[in-house]
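A structural walkthrough
Letter by letter, the chains look like this.
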Amino acid sequence: TQYLKMIRKIVLGLFLFFAPVLKGQNASASPYSFAGLGELNFRGTQVNRFMGGLDVYTDSIHANLTNPASYGELKLTTYSLGIHYKSNLMADETFSKNGQTATLDYLAVGIPTGKFGFGFGIIPLTSVGYKINSLNETVEPALIDQFQGSGGINQTFFSVGFPLFKFFHLGATLNYNFGNLEYQTEQFKQGVDFATQLNRKSSVSGWSYQVAANVTMPIGAKHEMKAMYTYQPMANFDSSNEQIIFTRSISNNTIIDFEEIDLSANGLQNTTMKFPLSQKFGIGFGKPKKWFLGVQRNMSSYSTFKNSFVLRENITYEDASQFTVGGFFIPNYTSLTSYFSRAVYRFGFRKEELGVLVNNIPLTETGISFGIGLPMSGYSNANVGIEMGRRGEKNNGLVRETYFALRVGLSLNALWFIKPKYN
């Protein structure tokens, strides 16, 4: 139909437009994004996000980007697009500051063929975006240190899923990860026009993959149980590095002198970073097209991470974990008189140990989310919701972040490759 042709043109056009934009966007305003490869972004759709990041739930009309086995359940071609606006209040014992970001979360296509399903897309995997000032008044004149970071790692992926038995699906995802990370450290004295700046830049790339298994088992005549396991082994990311020292004038922002450091002399021109192994277990119970409640446990071997090119004296790493509980409720999906009775109301809670220790204090995060799935023409839907959370603390030289995010996702459906039974 004309409507479906228009959808395809719009989404494919968005894919071509946003793919290069992802490479340069700054999706973080967190001081904690200086750790690791940056702030790790949630990989799934807004549908999963509104359930606290629950990956165990799958259906036939939504692509589940974090669970490749789910592609084996797809009945319709699905275009997925997600964006968000986030406001982040950062505070310590003496100051507070607000930062905002607005960015694309994912762009993906999922396609069933009748015997299996596959999908592809692009997401921002990690994001770096911070600017921190430090004043040392114990010396005369006072010293000001400024730390700044930008960039991130993007991920393109290809997933395939298929039914192995009646209630059992398997799937796998191949990812290509790429991006640039840039870190600047600048020091100058109050009242002095000259500043010294150290600029480190890394161009990162590497492959990773994930495998998954899904079980959807009927329980009695009206209910079902879902279970999931995913495994992503440790991956090696290659990093090509450069380091430059500048001397510049603060008053007119001109570079007076610079020197590029020969990193090959100490083996830092080309380095390897290990992206952590991760596992997810999930289980849930519900009544199809009515309600669902699930729990999930995610674990990651973040203690193995090391970036030998950019070392942080006050940062160490430990294994990360996340606990999630979430679900949805549909008042009456067959209602002809009430639009909002056909809507899907989602909710979720998560608690995370992020695997980062700042000044030997573990960094934790807690978040809650709520969303509504609004029916559109056919099986398409728009998903709108909010997320609120807290990370870190005000004491011991740390920063507490309190954030609010408005998230919007589109799931647009069409029929490809599968011959309809009726005209």
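The following paragraphs examine the structure supplied in this document.

Reading the values: the criteria
- Residues numbered from 1 in each chain as written.
- Predicted model: local features only at pLDDT ≥ 70, side-chain atom pairs only at ≥ 80, totals over all residues.
- Heavy atoms only, no water.
- Buried < 20%, exposed > 50% of the residue type's maximum accessible area, 1.4 Å probe, protein only.
- Helix = DSSP H or I, 4+ residues; strand = E, 2+ residues; numbered from the N terminus.
- Pairing = 2+ DSSP bridges.
- Phe/Tyr/Trp six-rings, centres within 6.5 Å; stacked < 30°, edge-to-face > 60°.
- Lys NZ or Arg CZ within 6 Å of the ring centre and 35° of its normal.
- Salt bridge = Lys/Arg side-chain N within 4 Å of Asp/Glu carboxyl O.
- Core = buried A, V, L, I, M, F, W, Y, C linked by side-chain atoms within 4.5 Å.
- Contact = heavy atoms within 4.5 Å.

A few points about the pairing of strand E2 (residues 77-91)
In terms of burial, E2 is a largely internal element, twelve of the 15 residues being buried. Pairing of E2 with strand E19 (residues 400-414) involves 15 bridges; the strand directions are antiparallel. By the bridge assignment for E19, Met90 is matched with Glu401. Two elements, E2 and strand E3 (residues 96-112), share 14 bridges in a ladder whose sense is antiparallel. Bridge assignment links Tyr79 to a residue of E3, and that residue is Val109. As consecutive antiparallel partners, E2 and E3 are separated by four residues.

Remarks on the packing of aromatic side chains
Within this structure, the stated rule accounts for 16 aromatic pairs. Aromatic pair Phe292 and Phe328: ring centres 6.2 Å apart, planes at 20 degrees, arrangement stacked. A residue pair is termed long-range when its members are at least 10 positions apart, and Phe292 in strand E13 (residues 291-300) and Phe328 in strand E15 (residues 320-329) qualify at 36 residues. Of the residues examined, Phe292 reaches a relative accessible area of 2% and is grouped as buried. An aromatic cluster is present here, built from Tyr57, Phe292 and Phe328 joined pairwise through their rings. Positioned above the aromatic ring of Tyr183, the side-chain terminus of Arg312 is 5.0 Å from the ring centre.

Focus on the pairing of strand E10 (residues 255-260)
Within E10, only zero of the six residues are buried, which leaves the element largely exposed. In this structure, strand E9 (residues 235-249) lies alongside E10, joined through five bridges in antiparallel fashion. Each residue of the ladder has a partner; that of Arg248, found in E10, is Ile255.

Some details on the pattern of salt bridges
Side chains that carry opposite charge are capable of pairing whenever their charged atoms lie near each other. Using the criterion set out here, one finds twelve salt bridges in the structure. One salt bridge connects Lys86 with Glu39, and the closest N-O pair in it is separated by 3.7 Å. With a gap of 47 residues between them, Lys86 in strand E2 and Glu39 in strand E1 (residues 39-40) connect regions that are remote in the sequence. According to the relative accessible area criterion, Glu39 is buried, its value standing at 13%. Of the charged contacts, one joins Glu401 and Arg391 as a salt bridge, the two residues approaching to 3.4 Å between their closest N and O atoms.

A look at the nonpolar core
Counting residues in hydrophobic clusters, the biggest one holds 30 residues, and the most contacted among them are Leu37, Leu181 and Val356. It is strand E4 (residues 117-136) that contributes the most residues to this core, three residues altogether. Excluding residues within four positions of it along the chain, Leu181 makes contact with Leu37, Val128, Ser150, Gly151, Gly152, Ile153, Arg200, Lys201, Ser202 and Val204. With ten residues, the next largest nonpolar core counts Tyr57, Met228, Phe292 and Ile330 among its residues.

Honestly, it's all geometry; don't read function into it.
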